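Descriptive structure summary
The lines below spell out each chain.
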Protein chains: 2
Amino acid sequence: MQVAVVTFDGFNELDSFIASALINRCRKDGLEAFITTPTPTVTSMNGMEVTGQRPMEFATEADVVLIGSGVKTRDVVADDRLISMLPLDPSRQLIGSQCSGALVLARLGLLGAMPACTDTMSRPFVESCGVTVLDAPFHAEGNIATAGGCLASQYLATWVITRTLGEDAARRVIDYVAPVGEKPETVERAMRALRAGEAALR
Amino acid sequence: MQVAVVTFDGFNELDSFIASALINRCRKDGLEAFITTPTPTVTSMNGMEVTGQRPMEFATEADVVLIGSGVKTRDVVADDRLISMLPLDPSRQLIGSQCSGALVLARLGLLGAMPACTDTMSRPFVESCGVTVLDAPFHAEGNIATAGGCLASQYLATWVITRTLGEDAARRVIDYVAPVGEKPETVERAMRALRAGEAALR
């Protein structure tokens, strides 16, 4: 199973790399994440240049697509060419967004009537797409998930791993990456965020 | 004030990028982090290629030096040429390590008699350097700090920001990056880890 972590120029390192690094702890179990970019290299909001591991076309064939966040997401959703490179299909793909990535899901018409999570800065822009924004770190309905607040990217990764390999695999990954001395509580916090975000709607 | 996030080939993305991204939220306040590498590009443990922002020589002049972690740290400490590029000075620099980065601090003779934090996998190697390893995510004495468990890199960043710009700045950064709906508790957890790790020794 392959995961496209779609990463645009101006990206937030936390949003793309926490999700990809957590998911890549499952490579031996057949779940693998790739930084997926519209250009051969992309430069982060802090000037760090990364070479894409997969071209944008990969997003169409991946089993899971996560849309990262960054300081240029409003330019992304205004760019018809970029958006046309993301013909995602929630009937056969798990699709998630981190922070301003929710704008991309809204632009692709993938949120429908579902509420979304995003970061504080992106919130008014997501709301202006007619989407209800939750005061929560994570929300999922069916094959679509959204997360808000950079460090909530660990919950998005937890969702992907749980949905593809099961809860035990997700618990093992969070346990591994958690701070020493805080492992059980970190695992429980992630699983709690997942359960709350997947609960029946208010 | 400039921070060198020393990043070797085979690096763990979480360890280098969480610290650098958090610190770079303070760029407008004059605190800035740079991925500092021994070669023009380095490739992560998951095959992601990043262009270094500063050469290794930068570590000597930086105000703060954080040693990242990765799957090749034992090769790093065995490489006299690489180690000779890190003549760090705790009398004028803040120096921290993440996970296996503690091996580099030990090799440089910077830990002295202080105990250290590291990850579960690196623990036996750090102990074989004669260093006592703590069951804690963070420990600092004077200008030297160590953190263990990938996500403890947020505590290392909290320490750097607190020591350079003050606690309020650190609280603002953690609040910003924390998951939506979990912001106050995430800030308190980070400040608690910092206080516990800086407390007088047991």
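To keep things clear, this report deals only with the structure shown in the data block. Note that the structure is a prediction, hence the values are computed from the model and not measured.

Definitions and limits used
Residues numbered from 1 in each chain as written. Chains lettered and ligands numbered in written order. Predicted model: local features only at pLDDT ≥ 70, side-chain atom pairs only at ≥ 80, totals over all residues. Least-squares fit on C-alpha atoms with pLDDT ≥ 70 in both. Contact = placed C-beta atoms within 7 Å. Helix = DSSP H or I, 4+ residues; strand = E, 2+ residues; numbered from the N terminus. Expected span 1.5 Å × (residues − 1). Buried ≥ 20, exposed ≤ 12 C-beta atoms within 10 Å, placed from the backbone. Core = buried A, V, L, I, M, F, W, Y, C linked by C-beta atoms within 7 Å. Axes fitted to C-alpha atoms, helices over the stretch in contact; angles between N-to-C directions. Left-handed = near helix turned anticlockwise from the far one by under 90°. Nonpolar A, V, L, I, M, F, W, Y, C, P; charged D, E, K, R; others polar. Parallel < 35°, antiparallel > 145°, perpendicular 65-115°, else oblique. Pairing = 2+ DSSP bridges. Right-handed = clockwise from strand over helix to strand, strands pointing away.

1. Section: the relation of the copies chain B and chain A
Once turned by 180 degrees and shifted 0.0 Å along the axis, chain B lies on chain A with an RMSD of 0.0 Å. One copy is carried onto the other by what is essentially a two-fold rotation axis. The rotation axis passes nearest to the C-alpha of Val50 of chain B in chain B, at a distance of 2.3 Å. When the interface residues of chain B are mapped onto chain A, 100% of them are again interface residues, pointing to one common binding face.

2. Describing helix H7 (residues 153-165) of chain B
Residues and elements named next belong to chain B. Taking 1.5 Å per residue, 13 residues should reach 18 Å; H7 reaches 18 Å between its end C-alpha atoms and fits that length. Taken residue by residue, H7 has Ser153, Gln154, Tyr155, Leu156, Ala157, Thr158, Trp159, Val160, Ile161 and Arg163 as its buried positions. Looking one or two residues beyond H7, the residue adopting positive phi is Gly166, at roughly 105 degrees.

3. With respect to the nonpolar core
If you look at the biggest cluster of nonpolar residues, it comprises 140 residues, and the most contacted ones within it are Val3, Phe138 and Leu156 of chain A together with Val3, Phe138 and Leu156 of chain B. Not counting chain neighbours up to four residues away, the residues in contact with Leu156 of chain A comprise Ala19, Leu66, Gly96, Gln98, Phe138, Ala145 and Ala147 of chain A.

4. Description of the packing of helix H7 (residues 153-165) of chain A against helix H8 (residues 167-177) of chain A
Residue and element names in this part refer to chain A. Running from N to C, H7 and H8 cross one another at 145 degrees; their axes reach a closest spacing of 7 Å. Of the two possible hands of crossing, H7 and H8 adopt the one that is right-handed. For the pair H7 and H8, the contacting residues are Gln154, Thr158, Ile161, Thr162 and Leu165 in the first and Glu167, Ala169, Ala170, Val173 and Ile174 in the second. Taken together, the residues that form the contact of H7 with H8 break down as six nonpolar, three polar and one charged.

5. So, the interface of chain B and chain A
Listed per partner, the contact involves 33 residues of chain B and 33 residues of chain A. When residues of the side of chain B that touches chain A are assigned to their parent elements, the largest contribution, six residues, is made by helix H1 (residues 13-23) of chain B.

6. Focus on the packing of H8 of chain A against helix H9 (residues 183-198) of chain A
All names here are of chain A. Interaxial distance between H8 and H9 falls to 8 Å at its minimum, and their mutual angle equals 135 degrees. Here H9 runs oblique to H8, going by the angle between their axes. Once H8 is placed against H9, the crossing between them reads as right-handed. Along the contact surface, H8 presents Arg171, Ile174 and Asp175, while H9 presents Lys183, Thr186, Val187, Ala190 and Met191. Classifying every residue of the contact of H8 with H9 by side-chain character gives four nonpolar, one polar and three charged.

7. Some words on the sheet that holds strand E8 (residues 138-141) of chain B
Residue and element names in this part refer to chain B. Strand order in the open sheet formed by seven strands is E5-E2-E1-E6-E7-E9-E8, with mixed pairing between adjacent strands. Each edge of the open sheet carries a strand with a single partner, namely strand E5 (54-55) and E8. In this structure, E8 lies alongside strand E9 (residues 144-147), joined through four bridges in antiparallel fashion. Along E9, the bridge assignment pairs Ala140 with Ala145.

8. Let's talk about the pairing of strand E2 (residues 32-37) of chain A
Residue and element names in this part refer to chain A. Among the six residues of E2, five are classified as buried, and the element is accordingly described as predominantly covered. Two elements, strand E1 (residues 2-6) and E2, share five bridges in a ladder whose sense is parallel. Considered in E2, the bridge of Val5 is made with Ile35. Assessed by its sense of winding, the connection that carries the chain from E1 through helix H1 (residues 13-23) to E2 is right-handed. Pairing between E2 and strand E5 (residues 54-55): two bridges, direction parallel. Bridging across to E5, Thr36 finds its partner in Arg54.

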